[in-house]
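Residue-level structure breakdown
Below are the chains, spelled out letter by letter.
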There are 2 protein chains.
Amino acid sequence: LSLRPTGRRRKKTGKKEGKAVNLIILDGGELDGAGEAALRDGRAAHLIGVLHAAPGSVVRIGLLDGPLGRGLVTSVSPPVVTLRCTFEPTAPPRPPVDLLMAVPRPKVMRRLWPQLAALGVGRITLTNAARVERNYFDTHVLTPGCYRPLLIEGLQQARDTHLPAVTIHRQFRPLIEDHLNGLFADGARLLAHPHASTTIRGAVDGPTRRVLLAIGPEGGWNEFELTLLERHGFRTVSMGPRTLRVDTACIALLGLVHDALRR
Amino acid sequence: LSLRPTGRRRKKTGKKEGKAVNLIILDGGELDGAGEAALRDGRAAHLIGVLHAAPGSVVRIGLLDGPLGRGLVTSVSPPVVTLRCTFEPTAPPRPPVDLLMAVPRPKVMRRLWPQLAALGVGRITLTNAARVERNYFDTHVLTPGCYRPLLIEGLQQARDTHLPAVTIHRQFRPLIEDHLNGLFADGARLLAHPHASTTIRGAVDGPTRRVLLAIGPEGGWNEFELTLLERHGFRTVSMGPRTLRVDTACIALLGLVHDALRR
């Protein structure tokens, strides 16, 4: 049996859109009583075309929102690959970072979905803000049919199984005043702001186990929004004086928050 | 006179591709002896269409590879806007991070250029690696005609004036063995590797003033490349166990290195 470092092969062929599959993710419903799954979609194509899977190959698998494991290839008859799946006793920990984000432009949001899941986010809460264009809400990019596969793509890249929970709130104020405590019961609340004097590391102190990170729209939150957020426990933090695009800032901030929580 | 927070307006119109112009960058050759510049390209269009500049308006400007300053609008006659420019006595400091990067896919590289300049990079050195496809070198995306405007776009976003120096090396080994010390005389050399035990913060100690960060191709450096880099002073660092896409990793790592250097 060989445990193939999935994705290694992919890089060499370089045919597809940079989607490295470092883990094959299965949904619980795909497993029969004996722990067997018959795949016939892109995952099967990846197993056949990229990993050259044959009966006896073993590949890394993960159960969506469950544990990691190994899949023994029991048969390959294109386009179907059958795996016998065994899983570790426990699932990997849920990512300790949540995101509260003003809806960005659809094109930006589309690019962010897989990157957010890859960086590791427990919950993604998208909201309105004065500087968000209304039509950003009426887009395909905010439908589960669009974002779910993109999130799973990110999980397969990063070898995680935790699908971020996504909710979309068209009204900022009721979200902050009425729903926030239910959605994010615990954890430090941080608000990225270029003029803040506290660093992320400074704000994530010893006992902090979870962080809810708020990221504004291009152009920033307005005064009303800032005040409301601060009144609901958000502490402003900065990662330096440079003004970054929302997507760049979001990725860099998630990296910094994860790093600060790892100490 | 009003100092307009450039870019603020842009966000509301939201018409263009997320290119926030927070600073109008001028080239030295555009200034006449009296410090006046007549703009007639996208910058003039931005001044007229987005900032609604009129004679008497003052806007943030920067001299490419030079100081920041202010531009007093002296005339507006579309498509030309004339600015009288004054500059601060000194230029902002050069970003303390350099990048040694295996050439990524052209589409990824194209997206990275403005983000690298916005995050702040002194020098970008692109090189070959076993897992880089040969044809990545023969692309428009690696020509100054393509990357220079994208880098300036990033500077205008982040309000910096330091155009990253770019060099492209088709041969990895001569670069590392013969040219590296000339290109990067000082600074800590870090190599991002998922299995390293040292964090970036741990590797950037007190006296470190500059960092050269090496980022491999999708799929990573091979053994030969890793050994050669380590033999030339690169220390492996990790930002956690998740395997990220090269562009995601690059942005998150630059954020972490900048943060570690700011302490």
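One can find the structure itself at the top, above this paragraph.
First things first, this report covers the structure right here in the doc. (Residues numbered from 1 in each chain as written. Chains lettered and ligands numbered in written order. Predicted model: local features only at pLDDT ≥ 70, side-chain atom pairs only at ≥ 80, totals over all residues. Heavy atoms only, no water.)

Looking only at helices and strands, chain A has eight helices and 11 strands in total. A compact globule built from 263 residues would reach a C-alpha radius of gyration of about 18 Å, and chain A, at 20 Å, matches this within 12%. Projecting the C-alpha coordinates of chain A onto the three principal axes gives extents of approximately 60 × 40 × 35 Å. Carbon and sulfur atoms provide 52% of the accessible area of chain A, an area that totals close to 11200 Å². Across chain A, the mean location of the 36 positive side-chain charges is 8 Å away from that of the 23 negative side-chain charges. (Helix = DSSP H or I, 4+ residues; strand = E, 2+ residues; numbered from the N terminus. Rg over C-alpha atoms; globule rule 2.2 N^0.38 Å. Areas by Shrake-Rupley, 256 points an atom, 1.4 Å probe, with all protein chains shown as cover. Lys, Arg positive; Asp, Glu negative; His and termini not counted. Charge placed at Lys NZ, Arg CZ, Asp CG, Glu CD.)

What follows concerns the interface of chain A and chain B. Each partner contributes to the interface: chain A provides 43 residues, whereas chain B provides 42 residues. Together chain A and chain B conceal approximately 4000 Å² of surface at their shared face, both sides included; 45% is due to carbon and sulfur atoms. Sorting the residues of chain A by area buried against chain B places Arg201(A), Arg242(A) and Arg245(A) first, and these three jointly supply 17% of that buried surface. Residue Asp259(B) is joined to Arg201(A) by a salt bridge in which the shortest nitrogen-to-oxygen separation is 2.5 Å. Where chain A touches chain B, the interface holds 20 residue pairs in polar contact (both at pLDDT 80 or more). Those elements that provide at least two residues to the side of chain A that touches chain B are α1 (8–13), α3 (106–119), α4 (144–158) and α8 (246–262) of chain A. A total of nine residues in the side of chain A that touches chain B trace back to one element, the largest contributor, which is α8(A). (Contact = heavy atoms within 4.5 Å. Buried area = accessible area lost by both parts, 1.4 Å probe. Salt bridge = Lys/Arg side-chain N within 4 Å of Asp/Glu carboxyl O. Polar contact = N/O pair within 3.5 Å; in protein donor to acceptor, adjacent residues only side chain to side chain.)

The next point concerns the environment of Ile124(A). Residue and element names in this part refer to chain A. Relative to the helices and strands, Ile124 is located in strand β7 (residues 123–127). Residue Ile124 is classed as buried on the basis of its relative accessible area of 0%. Expressed as a C-alpha distance, the spacing of Ile124 and Val76, which sit 48 residues apart in the sequence, is 38 Å. When near neighbours in sequence (up to four residues on either side) are disregarded, Ile124 contacts Leu99, Trp113, Leu116, Leu151, Pro164, Ala165, Val166 and Thr167. (Buried < 20%, exposed > 50% of the residue type's maximum accessible area, 1.4 Å probe, protein only.)

Turning our eyes to something else, we now look at the packing of aromatic side chains. Residues and elements named next belong to chain B. Summed over all chains, the structure comprises four aromatic pairs over all chains. Relative to Trp221, the ring of Phe172 has its centre 5.4 Å away and its plane inclined at 40°; by these criteria the two rings are tilted. Residue Phe172 is found in helix α5 (residues 172–183), and its partner Trp221 is found in the loop between β10 (211–215) and α7 (223–231); the two are separated by 49 residues along the sequence. Assessed through its relative accessible area of 7%, Phe172 is described here as buried. (Phe/Tyr/Trp six-rings, centres within 6.5 Å; stacked < 30°, edge-to-face > 60°.)

This part is about the sheet that holds β10(B). Residue and element names in this part refer to chain B. Strand order in the open sheet made by the six strands is β8-β7-β6-β10-β9-β11, with parallel pairing throughout. In this open sheet, the two edge strands, each paired with only one partner strand, are β8 (165–169) and β11 (234–237). With strand direction ignored, the average angle separating the axes of adjacent strands in the sheet is 20°. In this sheet, β11 lies alongside strand β9 (residues 188–192) in parallel orientation, the contact comprising four bridges. (Pairing = 2+ DSSP bridges. Axes fitted to C-alpha atoms, helices over the stretch in contact; angles between N-to-C directions.)

Further remarks concern the packing of helix α5 (residues 172–183) of chain A against helix α7 (residues 223–231) of chain A. Residues and elements named next belong to chain A. Relative orientation of the contacting elements α5 and α7 amounts to 10°, with a least axis distance of 10 Å. Overall, the two elements α5 and α7 adopt an arrangement that is roughly parallel. Contacts between α5 and α7 involve Phe172, Arg173, Ile176 and Glu177 from the first element and Phe224, Glu225, Leu228 and Leu229 from the second. Tallied by class, residues from the contact of α5 with α7 come to five nonpolar, no polar and three charged. (Parallel < 35°, antiparallel > 145°, perpendicular 65-115°, else oblique. Nonpolar A, V, L, I, M, F, W, Y, C, P; charged D, E, K, R; others polar.)

Glancing now at the pairing of strand β4 (residues 68–77) of chain A. Residue and element names in this part refer to chain A. Here strand β3 (residues 58–63) runs beside β4; their pairing, made up of five bridges, is antiparallel. What sits directly across from Ile61, in β4, is Gly69. Between β3 and the antiparallel strand that follows it, β4, lie four residues; Asp65 among them carries a positive phi value of about 60°. The pairing of β4 with strand β5 (residues 80–87) spans eight bridges and is classified as antiparallel. For Ser77, the partnering residue across the bridge sits in β5 and is Val80. With antiparallel pairing between neighbouring strands as the criterion, β4 and β5 make up a hairpin whose turn holds two residues.

The subject of this paragraph is the nonpolar core. Trp113(A) and Trp113(B) are the most contacted members of the largest nonpolar core, which has 140 residues in total. Those residues in contact with Trp113(B) that sit more than four places away from it in its chain are Ile124(B), Leu126(B), Val141(B), Leu142(B), Tyr147(B), Leu150(B), Leu151(B) and Val166(B). (Core = buried A, V, L, I, M, F, W, Y, C linked by side-chain atoms within 4.5 Å.)

Residues and elements named next belong to chain B. Within the open sheet, the five strands sit side by side as β1-β3-β4-β5-β2. Their pairing is mixed. Both outer strands of the open sheet, β1 (24–26) and β2 (36–39), are each paired with one neighbouring strand and no more. When strand polarity is set aside, the average angle formed by the axes of neighbouring strands in this sheet is 40°. Contacts from helix α2 (residues 42–49) reach β1, β2, β3 (58–63), β4 (68–77) and β5 (80–87), with the element oriented near 150° to β1.

Looking along the chain, the bond that leaves Pro78(A) and enters Pro79(A) is cis, with omega of 5°. In this fold, Pro79(A) is placed in the loop between β4 and β5. For Asp65(B), which is not glycine, the phi torsion reads 60° and is therefore positive. Of note, Asp65(B) is situated in the loop between β3 and β4.

Under the fitted operation, chain A is carried onto chain B by 0.0 Å of movement along the axis and a turn of 180°, and the coordinates agree to an RMSD of 0.0 Å. The transformation just described matches what one would write down for a two-fold rotation axis. When C-alpha distances to the rotation axis are compared across chain A, the minimum falls at Ala252(A), with a value of 2.2 Å. Looking at chain A, 98% of its interface residues are interface residues in chain B too, so the copies touch through the same face. (Least-squares fit on C-alpha atoms with pLDDT ≥ 70 in both.)

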